[in-house]
Amino acid sequence: MESWPPGGSGPAEAGPRLRGLRGADLAASASLLSGAGAGAEAGCSAPAVAAVLPAGGSGERMGVPTPKQFCPILERPLISYTLQALERVSWIKDIVVAVTGENMEAMKCIIQRYQHKGISLVESGVTRHRSIFNGLKALAEDQPNCRLSKPEVVIIHDAVRPFVEEDVLLKVVTAAKEHGAAGAIRPLVSTVISPSVDGCLDHSLERARHRASEMPQAFLFDVIYEAYQQCSDYDLEFGTECLHLALKYCHIKAKLIEGSPDLWKVTYKRDLYAAESIIKERISQQICVVMDAKEDEEHVGHRLEEMLKNELNHVKVTSGRDLQQIILEQCYNFVCVNVMTSDFEETQKLLNMLEESNLSILYPVVVISVQFLDYESVPFGQKMENLMQIREFAKEVKKTNILLYGLLVYYPQSTICRVG
Ligand SMILES: Nc1ccn([C@@H]2O[C@H](COP(=O)(O)OP(=O)(O)OP(=O)(O)O)[C@@H](O)[C@H]2O)c(=O)n1
Ligand SMILES: O=P(O)(O)OC[C@@H](O)[C@@H](O)[C@@H](O)CO
């Protein structure tokens, strides 16, 4: 078992706030789990939570040579999205990933390149259950020179399920603390049938009374570790359901938590295309309009904001003073409006901040630099020459996954109406 990067600290700081609404109860539980807030101050003990990600499969059903957890989405391996989703949950203290020995180096490179924090690597097994068991062994305190400590609650989540949000993690962990085990479920899409030996229908299950077992799942560590230690070779070899092991070997009936449609597992090639579309849609729904002067923020920025709000979920206008915060909130699309400055000063400032923030490591960042040109005062040739400068910027910043575009607004001064 190796911590990676060597001497790595705990998972990255909490990432951006949760998308969507958070009930007061979820927020309260989150603050308790992260060891903050009233709950913690009241002496309630925050359970130590760790996660095990089985990532040792070969992805046969994907039908490509690369194991699906390493298949690229927007030029980044699928597993990196899952790691990002888990490491931004501040109350998950350790993440253990089980990969094959031959993929260990590739996994270390992914962790290094995308700056994932607090990841420990273990060798996977020949089946998913054996991989999970190896991850649990790494967390059990009976491991020599182990930086990991045994958690109270352990999350088990497939490395190929990238769309997992803090709220469902919170729900399964909170339920596992109370019931001993918990797992996300989803309504069945197809009806489950049982074939007879001669390949005909023996019987079908009433779809409405059954559910699909998804991930994440969570367990009191001692429960699931005991279950795996008692597990038969047959179950280790052919089983697919951790909740079943808790029931069979520890008589623990897992609490079932309704999950969101996005919890699905990437299994077939179509799932990669679906995952890429979802990621593109999510990162394209936020935009930040950066103005180069406050007074213009009132006019141009807010006119632009009103128009953009008809198309996008999150539109923010700033004159740059809270740009750092916006970058921390992981906005990936910027419109930089240069009204006052003639040489893309605001755009240059933004590009510098983006490069320093390493934001574009995870996703491509798009910057549209808008330049207003009063053609009565500036000869067109000079402005076009000026605009060509932006092409040089664009070539430079593309190396850091920032896509820069220039837009020239060529107007007569008289048309800009200043109101108020
Ligand atoms: N020996 C194995 C087999 C699977 N897994 C992991 O368990 C998760 C879910 O399993 P599955 O979707 O079946 O992955 P594969 O076994 O890779 O897929 P396939 O069955 O198509 O080969 C995946 O993250 C996979 O990497 C694992 O850690 N060790
Ligand atoms: O069976 P597979 O190895 O494809 O994937 C594992 C799934 O069965 C598992 O992730 C959920 O069904 C919940 O247990």
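Residues numbered from 1 in each chain as written. Chains lettered and ligands numbered in written order. Predicted model: local features only at pLDDT ≥ 70, side-chain atom pairs only at ≥ 80, totals over all residues. Heavy atoms only, no water.

1. Details of the overall build of the protein
(1) Moving on: Across its full length, the protein holds 14 helices and 17 strands.
(2) Moving on: The buried share of the protein, taken over its 420 residues, is 48%.
(3) Moving on: The long-range fraction of contacts in the protein, counting pairs at least 24 apart against all pairs at least 6 apart in sequence, stands at 76%.
(4) Moving on: For the protein, the accessible area works out to roughly 20700 Å², and carbon and sulfur atoms hold 53% of it. (Helix = DSSP H or I, 4+ residues; strand = E, 2+ residues; numbered from the N terminus. Buried < 20%, exposed > 50% of the residue type's maximum accessible area, 1.4 Å probe, protein only. Contact = heavy atoms within 4.5 Å. Areas by Shrake-Rupley, 256 points an atom, 1.4 Å probe, with all protein chains shown as cover.)

2. A look at the pairing of strand S10 (residues 201–204)
Remark: a regular strand shows side chains that alternate across the two faces of the sheet.
(1) Moving on: Summarising the sheet, strand S9 (residues 193–195) and S10 pair through three bridges and their orientation is antiparallel. The partner of Ile 193 across the bridge, within S10, is Ser 204.
(2) Moving on: The antiparallel pairing of S9 with S10 creates a hairpin that spans five residues between the two strands, and Gly 199 there sits at a positive phi of about 75°. (Pairing = 2+ DSSP bridges.)

3. A few points about the nonpolar core
(1) Moving on: Counting residues in each nonpolar core, the largest one holds 78 residues, and the members touching the most others are Ile 92, Val 97, Met 107 and Phe 334.
(2) Moving on: The biggest single contributor to this core is helix H6 (residues 166–179), with seven residues.
(3) Moving on: In terms of domain composition, this core takes at least three residues from each of domain 1 (6–278) and domain 2 (285–418).
(4) Moving on: With near-sequence residues (within four places) excluded, Val 97 lies in contact with Leu 53, Ala 55, Ile 79, Leu 83, Met 107, Ile 119, Ser 120, Leu 121 and Val 122.
(5) Moving on: Within the second largest apolar cluster, 33 residues are counted, among which are Val 122, Val 223, Leu 236 and Leu 243. (Core = buried A, V, L, I, M, F, W, Y, C linked by side-chain atoms within 4.5 Å. Domains from an automatic or database assignment.)

4. Overview of the site of ligand 2
(1) Moving on: Neighbouring ligand 2 are the residues Arg 61, Arg 128, Asp 158, Arg 161, Ser 213, Glu 214, Met 215, Gln 217, Thr 240, Glu 241 and Lys 265.
(2) Moving on: Within the side chain of Asp 158, a nitrogen or oxygen atom sits 2.5 Å from an oxygen atom of ligand 2.
(3) Moving on: Within the complex, 78% of the 370 Å² of free accessible area of ligand 2 lies under protein.
(4) Moving on: With four residues, strand S11 (residues 211–220) is the largest single contributor of residues to the shell around ligand 2. (Near = heavy atom within 4 Å. Polar contact = N/O pair within 3.5 Å; in protein donor to acceptor, adjacent residues only side chain to side chain.)

5. With respect to the packing of helix H7 (residues 221–230) against helix H9 (residues 242–250)
(1) Moving on: One way to put it is that H7 packs onto H9 with a least axis distance of 9 Å and a crossing angle of 80°. Here H9 runs roughly perpendicular to H7, going by the angle between their axes. Facing Val 223, Ile 224, Glu 226, Ala 227, Tyr 228 and Gln 230 of H7, the residues of H9 in contact are Cys 242, Leu 245, Ala 246, Tyr 249 and Cys 250.
(2) Moving on: Each residue belonging to the contact of H7 with H9 can be placed in one class, and the counts come to nine nonpolar, one polar and one charged. (Axes fitted to C-alpha atoms, helices over the stretch in contact; angles between N-to-C directions. Parallel < 35°, antiparallel > 145°, perpendicular 65-115°, else oblique. Nonpolar A, V, L, I, M, F, W, Y, C, P; charged D, E, K, R; others polar.)

On their own, these measurements won't tell you what the molecule is for.
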